[in-house]
Amino acid sequence: MTQATIEITLNGEARRVAAGRTVAGLLGDLGLHPRLVVVEHNREILDRARYDATEVREGDTLELVHFVGGG
Amino acid sequence: MPIDRTTTPDLTHRERLRYARHLILPDVGLEGQLRLKAARVLVVGAGGLGSPVGLYLAAAGVGRIGLVDFDVVDETNLHRQVLFGESDIGRPKLDAAIERLTDVNPHIEVVPHPVRLTSENALELFADYDLVVDGTDNFPTRYLVNDACVLSGKPYVYGSIFRFEGQVSVFAAKDGPCYRCLFREPPPPGLVPSCGEAGVLGVLPGVIGSLQALEAIKWILGAGDSLVGRLVLFDALALRFREVRIRRNPDCPVCGDRPTVTELIDYEAFCGLKPASGAESLPEITPAELKERLDRGDALTIVDVREPHEWEIANLEPYGARLIPMREIDARLGELDRDAEIVLHCKTGGRSAIVLRRLREAGYTRLWNLKGGILAWADEVDPSLAKY
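Counting restarts for each chain: residues are numbered from 1 in the order of the written sequence. Written order determines the labels here, with chains lettered from A and ligands numbered from 1. In keeping with the predicted nature of the model, local features appear solely for residues at pLDDT of at least 70, side-chain atom pairs appear and are counted solely at 80 or more, and the whole-chain, interface and lining totals rest on all residues. Computation of side-chain values covers all heavy atoms of the structure but excludes hydrogens and water.

Draft legend 1. How the structure looks around the overall build of chain B. A helix here means a DSSP run of H or I that spans at least four residues, while a strand means a run of E at least two residues long, and both kinds are numbered starting from the N terminus. Within chain B, the regular secondary structure consists of 15 helices and 13 strands. The C-alpha extent of chain B, read off along each of the three principal axes, is 85 × 50 × 40 Å. Only protein chains enter the area calculation, which uses a 1.4 Å probe; residues under 20% of their type maximum are buried, those over 50% are exposed, and those in between are partly exposed. Sorting the 388 residues of chain B into buried and exposed places 52% on the buried side. Every residue pair with non-hydrogen atoms within 4.5 Å of one another is taken to be in contact. The contacts of chain B with a sequence gap of at least 6 include a subset with a gap of at least 24, amounting to 67%. Here chain B displays about 17600 Å² of accessible surface, and carbon together with sulfur accounts for 52% of that area. Surface accessibility in these figures is a Shrake-Rupley result with a 1.4 Å probe; residues are shielded only by whichever protein chains are displayed.

Here is the structure:
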């Protein structure tokens with residue numbers, strides 16, 4: 001059985017990901033801790049409280065920005 | 001940053017010679033060089049980023065450079081902190097930095113601030129400068145620099161580095177976003193390793209710090225397009241720059257339309273780094289939170305670090321828990337997926353905290369300690385569980 005996928009732009013590059021994922025689900029697939037990244041979804045920074053309710057759709061643009069603290 | 005030519009001292013003949021290549025640039029010229037001379041820039045942190053920032057601002061002729069740092073030069077600094085050399089080991093960084101920067105350019109003033117930047121002194125320090133360049137190495141100070149810049153209306157030239165990646169932007173400019181518009185909540189304490197814990201390629205701060213110096217100089221000159229509203233992400237291994245557009249958040253607690261942070265706060269506490277009773281802070285999950293996440297179907301690996309005889313009494317096997325006694329953890333690390341989100345528990349939370357620190361040292365980053373251990377789980381979630 002092949003899983004349905006959609007194409008999104010992730011960090012500036014086209015990428016196929018599983019269909020029907022929320023932002024929280026996608027972060028999970030990518031192995032990312034939801035509190036260690038900022039998610040920009042279609043050019044809007046997404047509140048972390050909305051990760052569970054926001055679905056990732058075909059053609060969406062996501063930018064993931066990690067916390068980087070060193071100097 | 002316009003200047004008043006009647007009150008700004010002219011360039012000497014020596015300065016005209018020194019800045020000759022600037023003076024013939026269309027976007028600098030005499031006017032620009034005088035702006036640089038009149039400018040006052042505060043550099044917070046004389047480390048990996050502060051080194052190139054200080055060197056390039058000094059060489060460019062920024063008239064007053066303030067440096068905030070209270071540290072001494074350590075041998076492990078030298079692979080990236082190009083302000084310092086072998087003979088500086090053990091010296092206060094500011095002593096060495098002033099010598100070096102004054103040698104780079106004797107026509108400027110370098111002002112030492114040998115203090116830790118705090119909520120008590122930040123606004124007073126910032127008041128004497130036109131903009132602030134951030135070369136700090138921790139999140140509480142970054143939020144402090146941001147908030148102090150917003151409150152005092154100074155642009156904040158942000159830069160940060162980790163292993164092979166870096167970030168640069170200009171925050172807190174008029175109508176632009178601030179650091180908090182992007183990073184709304186601090187990361188959980190302890191989950192983002194420092195350069196000291198995770199390493200950093202020595203040349204990386206050279207790239208990022210140079211970009212910060214560039215943005216500071218462009219802002220002073222009023223030249224080109226600044227990074228206000230743009231975050232640049234640099235991947236050194238791929239040699240790739242990525243750009244993320246950021247807008248001011250109208251709901252931002254500091255720079256938004258109805259700010260709730262109107263004075264500097266306790267940033268250690270804000271970042272969760274001030275644990276009770278002097279203990280080190282660890283990422284904790286309460287039994288209720290864990291139950292909620294399990295019910296939601298979150299993929300969590302529960303690891304019980306107690307002894308087999310305790311497991312016999314009561315365990316979380318129905319939730320997929322597995323037993324790896326604390327004393328076996330080093331030998332059995334291979335059984336734990338480095339990318340998995342792992343919840344550790346013992347009887348009351350003490351041993352699992354030790355194992356959590358051990359796993360963190362081993363490179364695991366998605367770790368939780370079950371608060372109060374299996375006893376708290378029995379009290380709060382499943383009273384049918386045997387207590388011992």
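Draft legend 2. Broad picture of the nonpolar core. Residue and element names in this part refer to chain B. By size, the foremost hydrophobic cluster in this structure holds 37 residues, and its most contacted members are Leu117, Phe126 and Phe183. Counting only elements with at least two residues in this core, the list comes to strand S1 (40–44), helix H6 (122–126), helix H7 (139–152), strand S5 (156–162), helix H8 (179–182) and strand S7 (230–235). The greatest single-element share of this core, amounting to six residues, is contributed by H7. Counting 32 residues, the second largest nonpolar core, distinct from the first, contains Val43, Leu57, Val62 and Leu83. Take the buried Ala, Val, Leu, Ile, Met, Phe, Trp, Tyr and Cys residues and link them wherever side-chain atoms come within 4.5 Å; each set so joined is a nonpolar core.

Draft legend 3. Structural view of the sheet that holds strand S4 (residues 44–45) of chain A. Strand order in the open sheet formed by five strands is S2-S1-S5-S3-S4 (chain A), with mixed pairing between adjacent strands. Both edges of this open sheet fall to strand S2 (13–18) and S4 of chain A, since each of them pairs with a single strand only. Between any two strands, pairing holds if DSSP finds at least two bridges.

Draft legend 4. Representation of the side chain of His345(B) in the model. All names here are of chain B. Structurally, His345 can be placed in strand S12 (residues 341–345). Judged by its relative accessible area of 0%, His345 falls in the buried class. Dropping the residues within four chain positions of it, His345 is found in contact with Ile302, Val303, Asp304, Val305, Arg306, Leu316, Ser352, Leu370 and Ile374.

Draft legend 5. Quick peek at the packing of helix H4 (residues 50–60) of chain B against helix H5 (residues 93–104) of chain B. Residues and elements named next belong to chain B. Two elements in contact, H4 and H5, have axes separated by 8 Å at closest approach and are oriented at 35°. Taken as a pair, H4 and H5 cross one another with a handedness that is right-handed. Together, Gly54, Leu55, Ala58 and Ala59 of H4 and Arg100, Leu101 and Val104 of H5 make up the contact between the two elements. Lys, Arg, Asp and Glu make up the charged group, whereas Ala, Val, Leu, Ile, Met, Phe, Trp, Tyr, Cys and Pro make up the nonpolar group; the residues left over, Gly among them, are polar. Its residues assigned to classes, the contact of H4 with H5 shows five nonpolar, one polar and one charged. Throughout, an axis means a line fitted to C-alpha atoms (over the contacting stretch in the case of helices), and angles, computed between N-to-C directions, take values from 0 to 180 degrees. It is the rotation of the near helix from the far one that decides the hand of a crossing: anticlockwise by less than a right angle makes it left-handed, clockwise makes it right-handed.

Draft legend 6. Representation of the interface of chain A and chain B within the structure. Taken together, the contact between chain A and chain B spans 24 residues of the former and 40 residues of the latter. Between chain A and chain B, a total of about 2600 Å² is buried, with carbon and sulfur atoms accounting for 55% of that surface. What gets called buried area is simply the loss in accessible area from a 1.4 Å probe that two parts show on being joined, summed for both. On the chain A side of the interface with chain B, the three residues burying the most area are Phe67(A), Val68(A) and Gly71(A), jointly 28% of the side's total. Basic side-chain nitrogens of Lys or Arg form a salt bridge, by our definition, when they fall within 4 Å of a carboxyl oxygen of Asp or Glu. On inspection of chain A and its partner chain B, the count reaches six salt bridges.

Draft legend 7. H4(B), seen in detail. Among the 11 residues in H4(B), nine count as buried, and that is most of the element. Once H4(B) ends, the next one or two residues include Gly61(B), with phi positive near 90°.

Draft legend 8. Inspection of the pattern of salt bridges at higher detail. Scanning the entire structure with this criterion turns up 36 salt bridges over all chains. Residue Arg293(B) is joined to Asp298(B) by a salt bridge in which the shortest nitrogen-to-oxygen separation is 2.7 Å. Residue classification places Arg293(B) among the buried positions, given a relative accessible area of 17%. One network of salt bridges, with partners in common, ties together Asp52(A), Arg293(B), Arg296(B), Asp298(B), Glu341(B) and Arg366(B).

Draft legend 9. The arrangement of the state of the cysteines in detail. Residues and elements named next belong to chain B. Here, a disulfide means two cysteine sulfur atoms that sit within 2.5 Å of each other. If you walk through the whole model with that rule in mind, you get zero disulfides over all chains. Cys178 takes part in no disulfide bond, and the closest cysteine sulfur to it belongs to Cys252, at a distance of 3.7 Å. A relative accessible area of 0% means that Cys178 is categorised as buried. For the unlinked cysteine Cys181, the closest cysteine sulfur is that of Cys255, found at 3.4 Å.

Draft legend 10. Here's a closer look at the side chain of Thr141(B). Residue and element names in this part refer to chain B. Along the chain, the position of Thr141 falls in helix H7. Here Asn138 takes part through its side chain, which lies 2.6 Å from a polar atom of the side chain of Thr141. Excluding its chain neighbours within four sequence positions, the residues that come into contact with Thr141 are Leu117 and Thr136. We call two N or O atoms a polar contact when they sit within 3.5 Å, provided that within protein one can donate a hydrogen and the other can accept it, with sequence-adjacent residues counted only if both atoms are side-chain atoms.

Draft legend 11. Spatial organisation of H5(B). Residue and element names in this part refer to chain B. In this model, H5 (12 residues) spans 16 Å end to end at C-alpha, consistent with the 16 Å of a helix rising 1.5 Å per residue. By the burial criterion, the buried members of H5 are Lys93, Leu94, Ala96, Ala97 and Leu101. Each buried residue of H5 lies within a common arc of 155° when the element is viewed along its axis, so the set occupies one face. Lining the buried residues of H5 we find H4, strand S2 (64–68) and strand S3 (109–113). One fewer than the residue count of a helix, multiplied by 1.5 Å, yields its expected span. What the arc describes is the spread of directions from the helix axis to the C-beta atoms.

Draft legend 12. Just the layout of surface pockets, in detail. A cavity, in this analysis, means grid points on a 1 Å lattice covering only the protein atoms where a 1.4 Å probe fits yet has no way out; a pocket is instead an open set bounded by protein on both sides within 12 Å along at least five of seven lines, and a residue lines either one if it has an atom within 4 Å of a point. Grid points are joined across faces, edges and corners, and a volume is the space filled by probe spheres set on the points. Space inside the second largest pocket adds up to approximately 950 Å³. Elements with a contribution of two residues or more to the lining of the second largest pocket: helix H1 (23–29) of chain A together with strand S9 (284–285) and helix H12 (287–295) of chain B. Each residue belonging to the lining of the second largest pocket can be placed in one class, and the counts come to 17 nonpolar, six polar and 12 charged.

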